[in-house]
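# Summary of structural features
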Amino acid sequence: MLLEVENASKWFGGLQAVKGATFGVPEGQVTGLVGPNGAGKTTLFNMITGTLPTDEGTVTYNGTDITSASPQDRVAAGIGRTFQDVRLLPRLSVIDNVCVGVQKQPGERVRNVFFRPAKSRAEEQRTVDFAHECLDFVGIPEQVRGQSAGSLSYGEQKLVSIARLLATRSKLLLLDEPTSGLDESSLDQFRAVLAKLLSEGHTVLLVEHNMLLVRELCHRAVFLGTGEVLAVDTPEKLMESEVLRDVYFGA
Ligand SMILES: Nc1ncnc2c1ncn2[C@@H]1O[C@H](COP(=O)(O)OP(=O)(O)O)[C@@H](O)[C@H]1O
Ligand SMILES: [Mg+2]
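Overview of the structure. Since we're looking at a predicted model, the values are computed, not measured.

## Examining the site of ligand 1
Neighbouring ligand 1 are Phe12, Leu15, Ala17, Pro36, Asn37, Gly38, Ala39, Gly40, Lys41, Thr42 and Thr43. Ala39 places a polar main-chain atom, nitrogen or oxygen, 3.2 Å from an oxygen atom of ligand 1. The contact in question runs from an oxygen atom of ligand 1 to an N or O atom on the side chain of Thr43, over 2.6 Å. In isolation ligand 1 offers 560 Å² of accessible surface; the protein chains occlude 58% of this area. In the shell around ligand 1, the residues fall into five nonpolar, five polar and one charged.

Here it is, written out as structure tokens:
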């Protein structure tokens, strides 16, 4: 397993949003994270990326306990995510939004600007080149890369947010509802992107509501109901299970 979550819990005051969750994410696969609204999917993402502390239990990445590691250290270790609500900087250009994701050595930027301008310029060019590569990867056309991100369609913005994630060079990609609100053509683009990510050796944990898409896109899925892991299985098996049917469709 590339990622292991063991007995993880999270409280918001009196509300226990995640209840002793245990599951693994196998390397090189797409794992779905499914469950109704409020089940705790986004909270789990926040616990894995470190933006919320894990109150109990452990998160292990690539064999290392990262439960108390800072968010920055987890990015450096190779864990990246996209957000349910996209979160691009709408007035910044598409290319600049992706450049924001490119990782720099701590302190490097400041030092270079003042003492090594030539190197700094070369580095800036490498950043821009790599951002273009990431946009090539997700299929955002060159003509729109100078436009403000907010001027793109919602589907394109979601693809740009994946490009920004790729710019972090993360291995484990946490995608929070990447297909919600996509039209058919953006969805096709997303399918192609996901296939390419796998062929390049990425590991994906994907929040998705549509079980037909889960079946199509995911090797296996973790089914969460009000903070508890109710089942981990292949999408086919989960779709046959009564537990899922009861929670999703109300028995
Ligand atoms: N920052 C927060 N403060 C208080 N309650 C929260 C916070 N974030 C999430 N919750 C609550 O935790 C539960 C799980 O939320 P969430 O992880 O967003 O669910 P999902 O992503 O599966 O829809 C919900 O009851 C939600 O209202
Ligand atoms: Mg959510």
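## What about the pairing of strand E7 (residues 172–176)?
With five of five residues buried, E7 lies mostly within the body of the structure. Of the two faces of E7, both are covered, the one formed by Leu172, Leu174 and Asp176 as well as the one formed by Leu173 and Leu175. Relative to E7, strand E6 (residues 79–81) runs parallel, the two being bridged by three bridges. Bridge pairing in E7 links Gly80 to Leu173.

## Things to note about helix H3 (residues 94–101)
For H3, the buried fraction is high: six of the eight residues fall into the buried class. Buried within H3 we find Val94, Ile95, Asn97, Val98, Cys99 and Gly101.

## Things to note about the coordination of the magnesium ion (ligand 2)
Protein coordination at the magnesium ion (ligand 2): the donors are Thr42 (OG1) and Gln84 (OE1), at 2.1 to 2.5 Å from the metal. Highlighted residues: Thr42 in helix H1 (residues 41–49) and Gln84 in the loop between E6 and H3, separated in sequence by 42 residues. Here Gln84 falls in the partly exposed class, since its relative accessible area comes to 34%.

## Describing the sheet that holds strand E8 (residues 203–207)
Two strands in a sheet stick together by hydrogen bonds in their backbones, pointing the same way (parallel) or opposite ways (antiparallel). Here six strands make up an open sheet; going across it, the order is E6-E7-E8-E3-E9-E10 and the pairing mixed. Looking at strand neighbours, the two that pair on one side only are E6 and strand E10 (228–233), the edges of this open sheet. Adjacent strand axes in the sheet meet at a mean angle of 20°, parallel and antiparallel pairs treated alike.

## Things to note about a nonpolar patch on the surface
There is a patch of nonpolar side chains on the surface, built from Leu230, Val243 and Val247 and spanning about 200 Å² of accessible area. Taking the relative accessible area as the measure of exposure, Val243 reaches 40% and is therefore partly exposed.

## Remarks on unusual backbone geometry
Positive phi values are uncommon outside glycine, yet Asn62 reaches one of about 55°. Note that Asn62 resides in the loop between strand E4 (56–61) and strand E5 (64–65). Given a relative accessible area of 53%, Asn62 falls into the exposed group. Backbone geometry at Thr226 places phi at a positive 35°, although glycine is not the residue there. With respect to the helices, strands and loops of the structure, Thr226 is situated in the loop between strand E9 (220–225) and E10.

## Concerning the pattern of salt bridges
Tallying each qualifying case throughout the model produces six salt bridges. The salt bridge partner of Asp55 is Lys10, with a shortest N-O separation of 3.5 Å. One end of the pair, Asp55, is in the loop between H1 and E4; the other, Lys10, is in strand E1 (residues 3–12), and 45 residues separate them in sequence. Note that Asp188 is salt-bridged to Arg191, the shortest N-O span being 2.9 Å. Within this pair, Asp188 and its partner Arg191 are both found in helix H7 (residues 184–199), separated by three residues, close to a single helical turn. Exposure remark for Arg191: the relative accessible area of 25% places this residue in the partly exposed category. Several salt bridges share partner residues, and in doing so they unite Asp188, Arg191 and Glu216 into one network.

The rules behind each value
Residues numbered from 1 in each chain as written. Chains lettered and ligands numbered in written order. Predicted model: local features only at pLDDT ≥ 70, side-chain atom pairs only at ≥ 80, totals over all residues. Heavy atoms only, no water. Near = heavy atom within 4 Å. Polar contact = N/O pair within 3.5 Å; in protein donor to acceptor, adjacent residues only side chain to side chain. Areas by Shrake-Rupley, 256 points an atom, 1.4 Å probe, with all protein chains shown as cover. Nonpolar A, V, L, I, M, F, W, Y, C, P; charged D, E, K, R; others polar. Buried < 20%, exposed > 50% of the residue type's maximum accessible area, 1.4 Å probe, protein only. Helix = DSSP H or I, 4+ residues; strand = E, 2+ residues; numbered from the N terminus. Pairing = 2+ DSSP bridges. Donors = N, O, S within 2.8 Å, 3.2 Å for Na, K, Ca; no water. Axes fitted to C-alpha atoms, helices over the stretch in contact; angles between N-to-C directions. Patch = residues over 30% accessible without salt bridge, like charges linked within 9 Å, V, L, I, M, F, W, Y side chains within 5 Å. Salt bridge = Lys/Arg side-chain N within 4 Å of Asp/Glu carboxyl O.

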